[in-house]
Amino acid sequence: MNAPARHELYVLEEGEKPVEITDDTKIPNAATIKVVKQDHTLANMVRGELLRMNNVLFAGYKVPHPLHPYFLIKLQTDGSETPVKVLSQACTKLIGDLSSLEQKFQREFSFKDARVDGPAGDDPYGTGAGGQAWAAGRDYLDF
Amino acid sequence: MEPSVQVRDLKRDRVNFVLENVDLSFANSLRRVMMAEIPTVAIDIVEVEMNTTVLPDEFIVHRLGMIPLNSMNCDEALRYNRDCTCSVSCRYCAIQLVLRVSCNDNETLHVTSDHLEVVAQTSYDDEGEVGDELSKRSEEFGHPVGKGNPNHQPVLICKIRKGQELRVKCTAKKGIAKEHAKWSACSAVSFEYDPYNKLRHTSHWFEVDERAEWPLSDNAKEEEPPRENEGFDYNAVPKRFYFEVETVGSVSPQEVVLKGLRELQAKLANLILAVQSTSDMPSIEGADVPAQMAMQPPGPAWGAPVATSPNNPYASPSGGQTGAWGGGSDQWSGRGSGTSPSSNTGWNSTSPSWDSGSGAWGGASSWNI
Ligand SMILES: [Zn+2]
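Residues numbered from 1 in each chain as written. Chains lettered and ligands numbered in written order. Predicted model: local features only at pLDDT ≥ 70, side-chain atom pairs only at ≥ 80, totals over all residues. Heavy atoms only, no water.

Comments concerning the overall build of chain A
Stage number 1. Tallying secondary structure elements over chain A gives 3 helices and 4 strands in all.
Stage number 2. Counting from the amino terminus, helix and strand elements in chain A follow one another as β-β-α-β-β-α-α.
Stage number 3. Buried residues in chain A amount to 50% of all 143 residues.
Stage number 4. Relative to all contacts within chain A whose residues are 6 or more apart in sequence, the contacts with residues 24 or more apart total 52%. (Helix = DSSP H or I, 4+ residues; strand = E, 2+ residues; numbered from the N terminus. Buried < 20%, exposed > 50% of the residue type's maximum accessible area, 1.4 Å probe, protein only. Contact = heavy atoms within 4.5 Å.)

With respect to the sheet that holds strand 2 (residues 14–20) of chain B
Adjacent strands of a sheet pair through backbone hydrogen bonds, lying either parallel or antiparallel.
Residue and element names in this part refer to chain B.
Stage number 1. If you trace the 4 strands from one edge of the open sheet to the other, you get 1-2-10-9, paired in antiparallel fashion. Here the strands that pair on one side only, and so sit at the sheet edges, are strand 1 (4–10) and strand 9 (186–192). Along the sheet, successive strands turn relative to each other by an average axial angle of 15°, direction set aside.
Stage number 2. With 6 bridges joining them, strand 9 and strand 10 (residues 240–247) adopt antiparallel strand pairing. Among the inter-strand pairings, Ser190 is bridged to a residue of strand 10, identified as Glu244.
Stage number 3. Helix 1 (residues 24–36) contacts strand 2, strand 9 and strand 10 of the sheet and is inclined by roughly 170° relative to strand 9.
Stage number 4. This element, helix 5 (residues 253–278), spans strand 1, strand 2, strand 9 and strand 10 of the sheet and lies at about 35° to strand 2. (Pairing = 2+ DSSP bridges. Axes fitted to C-alpha atoms, helices over the stretch in contact; angles between N-to-C directions.)

Some thoughts on the packing of aromatic side chains
Stage number 1. As enumerated under the stated definition, the model contains 8 aromatic pairs over all chains in all.
Stage number 2. Ring centres of Tyr61 of chain A and Phe71 of chain A lie 6.3 Å apart, and the angle between their planes is 80°; this geometry places the pair in the edge-to-face category. Of this pair, Tyr61 of chain A sits in strand 3 (residues 56–62) while Phe71 of chain A sits in strand 4 (residues 70–77), and the two are 10 residues apart along the sequence. You'll find Tyr61 of chain A and Phe71 of chain A in the same group, each marked buried.
Stage number 3. Here Phe17 of chain B and Phe243 of chain B contribute two aromatic rings whose centre-to-centre distance is 4.8 Å and whose plane-to-plane angle is 10°, an arrangement assigned as stacked. Here Phe243 of chain B lies in strand 10 and Phe17 of chain B lies in strand 2, a separation of 226 residues in the sequence. (Phe/Tyr/Trp six-rings, centres within 6.5 Å; stacked < 30°, edge-to-face > 60°.)

Notes on the environment of Thr278 of chain B
Stage number 1. Following the sequence through the fold, Thr278 of chain B ends up in helix 5.
Stage number 2. Not counting residues within four places of it along the chain, the set of residues in contact with Thr278 of chain B comprises Val19 and Ile21 of chain A.
Stage number 3. At 2.6 Å, the side chain of Thr278 of chain B and the backbone oxygen of Ala274 of chain B are in polar contact. (Polar contact = N/O pair within 3.5 Å; in protein donor to acceptor, adjacent residues only side chain to side chain.)

Examining unusual backbone geometry
Residue and element names in this part refer to chain A.
Stage number 1. In the Ramachandran plot, Asn29 falls in the positive-phi region, its phi being about 55° despite a non-glycine side chain.
Stage number 2. Within the secondary structure layout, Asn29 lies in the loop between strand 1 (19–23) and strand 2 (30–36).
Stage number 3. Under the relative-accessibility criterion, Asn29 is labelled partly exposed at 35%.
Stage number 4. Here the phi dihedral of Lys37 falls at roughly 60°; this positive angle occurs in a residue that is not glycine.

Considering the packing of helix 1 of chain B against helix 5 of chain B
Residues and elements named next belong to chain B.
Stage number 1. As a packed pair, helix 1 and helix 5 sit with axes 9 Å apart at the nearest point and diverge in direction by 110°. Of the possible angle classes, the one that applies to helix 1 and helix 5 is roughly perpendicular. The handedness of the crossing between helix 1 and helix 5 is right-handed. On helix 5, the residues touching Ser29, Leu30, Val33 and Met34 of helix 1 are Val256, Val257, Gly260, Leu261, Glu263, Leu264 and Lys267.
Stage number 2. Residues belonging to the contact of helix 1 with helix 5 are distributed by class as follows: 7 nonpolar, 2 polar and 2 charged. (Parallel < 35°, antiparallel > 145°, perpendicular 65-115°, else oblique. Left-handed = near helix turned anticlockwise from the far one by under 90°. Nonpolar A, V, L, I, M, F, W, Y, C, P; charged D, E, K, R; others polar.)

So, the coordination of the zinc ion
All names here are of chain B.
Stage number 1. Every protein donor of the zinc ion is accounted for by Cys84 (SG), Cys86 (SG), Cys90 (SG) and Cys93 (SG), and the metal-donor separations fall at 2.2 to 2.4 Å.
Stage number 2. Angles of 103 to 114° at the metal separate the 4 donor atoms of the zinc ion, which places the site in the tetrahedral class.
Stage number 3. Mapped onto the polypeptide sequence, the residues donating to the zinc ion form the spacing pattern C-x1-C-x3-C-x2-C.
Stage number 4. Residue Cys84 is classed as buried on the basis of its relative accessible area, which comes to 3%. (Donors = N, O, S within 2.8 Å, 3.2 Å for Na, K, Ca; no water. Tetrahedral: all angles 85-135°; square planar, octahedral: opposite > 155°, others 65-115°.)

A closer look at the confidence of the model for chain B
Stage number 1. The predicted model of chain B averages 81 in pLDDT, with 76% of residues at 70 or higher.
Stage number 2. pLDDT under 50 marks residues 283–363 of chain B. Its contacts with residues more than four places away, or in other chains, come to 164 contacts. (pLDDT = per-residue confidence, 0-100.)

Thoughts on the nonpolar core
The tendency in soluble globular proteins is for nonpolar side chains to be buried as a group.
Stage number 1. Among the nonpolar cores identified, the biggest contains 57 residues, and Val46, Leu50 and Phe105 of chain A together with Phe17, Leu19 and Met34 of chain B are the most heavily contacted of them.
Stage number 2. Those residues in contact with Leu50 of chain A that sit more than four places away from it in its chain are Val56, Ala59, Ile73, Leu75, Val86, Leu87 and Ala90 of chain A.
Stage number 3. Counting 27 residues, the second-largest nonpolar core is a separate cluster that includes Val41, Val111, Ile160 and Ala172 of chain B. (Core = buried A, V, L, I, M, F, W, Y, C linked by side-chain atoms within 4.5 Å.)

Topic: a negative patch on the surface
Residue and element names in this part refer to chain B.
Stage number 1. A cluster of like negative charges, contributed by Glu207, Asp209, Glu210 and Glu213, occupies part of the molecular surface.
Stage number 2. Here Glu207 lies in the loop between strand 9 and helix 4 (210–213).
Stage number 3. A relative accessible area of 63% places Glu207 in the exposed class. (Patch = residues over 30% accessible without salt bridge, like charges linked within 9 Å, V, L, I, M, F, W, Y side chains within 5 Å. Areas by Shrake-Rupley, 256 points an atom, 1.4 Å probe, with all protein chains shown as cover. Salt bridge = Lys/Arg side-chain N within 4 Å of Asp/Glu carboxyl O. Lys, Arg positive; Asp, Glu negative; His and termini not counted. Charge placed at Lys NZ, Arg CZ, Asp CG, Glu CD.)

Regarding helix 2 (residues 57–65) of chain B
Each α-helix winds once per 3.6 residues, and so residues spaced three or four apart point in a common direction.
Stage number 1. Asp57, Ile60, Val61, Leu64 and Gly65 of chain B are the residues of helix 2 of chain B that are buried. Looking down the long axis of helix 2 of chain B, one finds its buried residues gathered within 140° of arc, a one-sided arrangement. (Arc of directions from axis to C-beta.)

Below, the structure written as structure tokens:
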């Protein structure tokens, strides 16, 4: 009856700010960034990328409570860049990696598609799923 | 090193691949996003008109929710009900299905997913804003997976005997598995790295002989076995990840993987935009996300991919790229358009609303699964 809508777990509310940045008052070049309506999927990946960057002295994240849909990411840089800038760079690098991976997947799938289209004897789903459409040389991008 | 992938096997309902030169965190995020954030269609609201079967309403309604429905290109083919401007649900944000089965023979009748019929929806006054969703649908969109295919075994909903009847109206909506597992496109995503446990990320409990009691996985063939008395390399990190993505049939495995990668990019792009507009930075040099991102159509800011044009808008294969930042903070204009509390009114009852008017047992009850 008064349960919150289930999608409040991952959809921003009207006027809700997606991030909140708090500069650290005691540590130089450090900030804590609260990212709302996101979870480990984003947090861990970003943290991992930050730790690979040379000008990052510290990067860590936490989800303070499993029922509260946000995480905090804390990072400190060596001063050559601001934490916010470094965070953006990390995300940009990840986007680059993901999109190059996407292209590689597409190439691999186009090689393998021929095999899927063959006699569908071993296929428990028959012509279900996107199977038929893929077989016809279409995919969801063609729409 | 650039990330790379090798697809080892591809079937209609599964794909097996090896991901290389990526972080554990990166590989794990891909796993998580494929499991929980690929939008699909599933039955969400059921109106029980008649149920004289042996199973209670709740039982059947729950089973209906779990039936995989064809969800190809669900991203564009259906709107989130919460984002739609219609009063309850319409053809842009929902698929209507009916199930009407009665048994008149002496033999037990199996009510299966094949008995579910999609109701063609015509336009009406109360429907949401006109969109191109309908043209993005394939013919089978919203139909139970495998319906009409003689090689496919349908999902059993319940068994009825002579004189019993089941009559329900279902509303299927778009959703993601983060909200309810019935929306998961995947039945399983297996994920393995370091089959010899060289990195000692796990410890094997054993009685007498560790090697005898912990047989190696098939993926061990792909890697060098550890040498006798090899020292522990505490700097080593996992680099090869063995995936097997198994779908429920609602979406092809190719689409699951590609949509997963897209979704991650959308999350990151939205984070960049959010951080940038929050900290008053004029523009971020070196951050090369093209301007298209600033022009995303109104929609749920985090949920939906930023752009779904056929050509990846932020396809900068790891390299320098033009794209200036859209500037300004109006990128977020689309944010939050998602929650209209008025939609769903009257449907969200958490308990069955028994209709006393039409008889003790026959009254229609609506369920929010
Ligand atoms: Zn609607």
